[in-house]
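Each chain, letter by letter, is given below.
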2 protein chains.
Amino acid sequence: MEQRLREREIRYTSGRRVVVAALARAEGPRSAAELSTEIGAAVPLSSLYRSLAVLEDAGVVVPHFGARGLTRYELADWITGHHHHLICVACGTVDDVEILPEYEIKVNELVDLIAQLAGFEPRAHDLEIEGRCAKCS
Amino acid sequence: MEQRLREREIRYTSGRRVVVAALARAEGPRSAAELSTEIGAAVPLSSLYRSLAVLEDAGVVVPHFGARGLTRYELADWITGHHHHLICVACGTVDDVEILPEYEIKVNELVDLIAQLAGFEPRAHDLEIEGRCAKCS
DNA sequence: GTACCACCTGAGAACCATTCTCACTACAGG
DNA sequence: CCTGTAGTGAGAATGGTTCTCAGGTGGTAC
Ligand SMILES: [Mn+2]
Ligand SMILES: [Mn+2]
Ligand SMILES: [Zn+2]
Ligand SMILES: [Zn+2]
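Student: Explain the nonpolar core to me, and be specific about the residues and the numbers.
Tutor: Ile114, Phe120 and Ile129 of chain A together with Ile114, Phe120 and Ile129 of chain B are the most contacted members of the largest nonpolar core, which totals 28 residues. Contributions of two or more residues to this core are made by β4 (84-88), α6 (101-117) and β6 (121-132) of chain A together with β4 (84-88), α6 (101-117) and β6 (121-132) of chain B. Non-local contacts of Ile129 of chain A, meaning those with residues more than four positions away in its chain, are made with His85, Leu86 and Ile87 of chain A together with Val111, Ile114, Phe120, Pro122, Ala124 and His125 of chain B.

Right, here's the structure in full:
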């Protein structure tokens, strides 16, 4: 990852390290506000947003637009491994879920089939499952 | 649908009819701005947003949070039929795609499997495919 | 038909996550 | 060191969305 940033002449400064560390610690995508709470005053909001934007451009961070006017960020698949999300309609938490490789293969087959029928060239897919988490059911 | 609104003592006024008609005409989810352009001054923005909110509460309209700070709305599955979305990374359009029932069954099987492994009670799923549409490839 | 009342509407203000601005600082390379 | 480019922070600006409030509408009861 540091290499990727260096290639693009993007400095991996201490502020950015703090942001990446907070994202690495999270078990699901996190909003800027959540990250700010977690990080504290060490990284002011404007810098936090800028860091997220820079890291997004570099392909290190990926945004998720999952709730009204709220963007949640997480590390890209190539860092954390490809996964999907479980969204609790009761408490609103979004958790990562890793799926067995054999299932992921099936998902990919389906995606390719669907896309092909529509003359669409698939690049990525996003399967999100809404429901009630173990805590809320 | 009118029945559903009546049950909840929500009036199906002419303004709301216009909004529903515009959504029914669309081939994919539409933002408030897009709807406003399509509809014209007949429905002022504040009323448009309120209508969308009311219809959403009633389960007639479903929001999609797909782009930075932009919500797109569409009629609920029980009206249009269950479907998924193809999102073009080049031109940004979001198109509906109906998938063969046999594929949908497979998607559901996968969703149930994934959810079960995480102690999650699935209620709905959302499979979105990102890539380049026929026009942009 | 008229009165009542809950619901609905419209214009604009308010809200709030995000982005921009600008003066300043930090760091790498020479 | 010197210089130039990249990064930072506080606050202002932006823009989609929601709220407020002063009316309007229409279904229902009598
Ligand atoms: Mn995730
Ligand atoms: Mn759709
Ligand atoms: Zn929950
Ligand atoms: Zn396209």
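There is more to say, and it comes next.
Student: Describe the protein's contact with DNA strand D, with residues and values.
Tutor: Around DNA strand D lies a shell of 17 residues, among which Thr13, Arg16, Ser47 and Arg50 of chain A together with Tyr49 of chain B are the nearest. Counting only atoms of DNA strand D within 4 Å of the protein, the sugar-phosphate share comes to 63%. A distance of 2.7 Å separates a phosphate oxygen of DNA strand D from a polar atom in the side chain of Ser47 of chain A. Arg50 of chain A has a polar side-chain atom sitting 2.6 Å from a base nitrogen of DNA strand D. Grouping the amino acids of the surface near DNA strand D by side-chain chemistry returns five nonpolar, six polar and six charged.

Student: Quick one: what's the story with the coordination of the zinc ion (ligand 3), residue by residue and with numbers?
Tutor: Residues and elements named next belong to chain A. Distances from the zinc ion (ligand 3) to its protein donors, Cys88 (SG), Cys91 (SG), Cys133 (SG) and Cys136 (SG), fall at 2.2 to 2.5 Å. Relative to the metal, the four donor atoms surrounding the zinc ion (ligand 3) lie at angles of 101 to 120 degrees, and the coordination shape comes out tetrahedral. We note that the donor set of the zinc ion (ligand 3) lies within a single chain, spaced as C-x2-C-x41-C-x2-C. Here Cys136 lies in the segment after β6 and Cys91 lies in the loop between β4 and β5 (94-97), a separation of 45 residues in the sequence.

Student: Go over the sheet that holds strand β3 (residues 70-75) of chain A, please, and point to the residues and values.
Tutor: Residue and element names in this part refer to chain A. Spatially, three strands are ordered β1-β3-β2 in an open sheet, and the strand pairing comes out antiparallel. Two strands bound the open sheet, and with one partner strand each, they are β1 (30-31) and β2 (61-67). As defined by bridge partners, β1 adjoins β3 across two bridges and the pair is classed as antiparallel. By the bridge assignment for β3, Arg30 is matched with Tyr73. Across the sheet, helix α2 (residues 14-25) is in contact with β2 and β3; its angle to β3 comes to roughly 90 degrees.

Student: Any details on the layout of surface pockets? Residues and values, ideally.
Tutor: Picture a little ball the size of a water molecule; that probe, rolled over the atoms, points out where space is still empty. Residue and element names in this part refer to chain A. Taken as a whole, the second largest pocket spans an internal volume of roughly 170 Å³. Looking at the second largest pocket, it is lined by 13 residues, and the ones nearest its centre are Ala26, Glu74, Thr80, His83 and Asp96. Among the secondary structure elements, those contributing two or more residues to the lining of the second largest pocket are α2 and β3. Across the lining of the second largest pocket, the residue classes break down as five nonpolar, four polar and four charged. Three or more residues apiece are contributed to the lining of the second largest pocket by two domains, here domain 1 (1-81) and domain 2 (83-137).

Student: Explain the coordination of the manganese ion (ligand 1) to me, and be specific about the residues and the numbers.
Tutor: Residues and elements named next belong to chain A. The coordination sphere of the manganese ion (ligand 1) contains the protein donors Glu74 (OE), His83 (NE2), His85 (NE2) and Asp96 (OD), at a distance range of 1.8 to 2.1 Å. We note that the donor set of the manganese ion (ligand 1) lies within a single chain, spaced as E-x8-H-x1-H-x10-D. Taken individually, Glu74 and His83 each receive the classification buried, so the pair is uniform in this respect.

Student: Mind laying out the pairing of β2 of chain A, listing which residues take part and the relevant values?
Tutor: Residue and element names in this part refer to chain A. Across six bridges, the pairing between β2 and β3 is antiparallel. Residue pairing across strands places His64 opposite Arg72, the latter belonging to β3. Hairpin remark: β2 followed by β3, antiparallel, with two residues in the connecting loop; positive phi at Gly69, about 65 degrees.

Student: Go over the protein's contact with DNA strand C with me, naming the residues and quoting the values.
Tutor: As a structural note, the neighbourhood of DNA strand C is formed by 17 residues, with Tyr49 of chain A together with Arg11, Thr13, Ser47 and Arg50 of chain B the closest of them. Backbone atoms, meaning sugar and phosphate, form 60% of the atoms of DNA strand C found within 4 Å of the protein. Between DNA strand C and Ser47 of chain B, the relevant distance is 2.6 Å, taken from a phosphate oxygen to a side-chain nitrogen or oxygen of the residue. For the surface near DNA strand C, the secondary structure elements donating two or more residues are α4 (45-57) and β3 of chain A together with α4 (45-57) of chain B. Looking at the surface near DNA strand C residue by residue, the class counts come to five nonpolar, six polar and six charged.

Criteria and thresholds
- Residues numbered from 1 in each chain as written.
- Chains lettered and ligands numbered in written order.
- Predicted model: local features only at pLDDT ≥ 70, side-chain atom pairs only at ≥ 80, totals over all residues.
- Heavy atoms only, no water.
- Core = buried A, V, L, I, M, F, W, Y, C linked by side-chain atoms within 4.5 Å.
- Buried < 20%, exposed > 50% of the residue type's maximum accessible area, 1.4 Å probe, protein only.
- Helix = DSSP H or I, 4+ residues; strand = E, 2+ residues; numbered from the N terminus.
- Contact = heavy atoms within 4.5 Å.
- Near = heavy atom within 4 Å.
- Polar contact = N/O pair within 3.5 Å; in protein donor to acceptor, adjacent residues only side chain to side chain.
- Nonpolar A, V, L, I, M, F, W, Y, C, P; charged D, E, K, R; others polar.
- Donors = N, O, S within 2.8 Å, 3.2 Å for Na, K, Ca; no water.
- Tetrahedral: all angles 85-135°; square planar, octahedral: opposite > 155°, others 65-115°.
- Pairing = 2+ DSSP bridges.
- Axes fitted to C-alpha atoms, helices over the stretch in contact; angles between N-to-C directions.
- 1 Å grid on protein atoms, 1.4 Å probe; cavity = no way out; pocket = protein on both sides within 12 Å on 5 of 7 lines; lining within 4 Å.
- Points joined across faces, edges and corners; volume = space filled by probe spheres on them.
- Domains from an automatic or database assignment.

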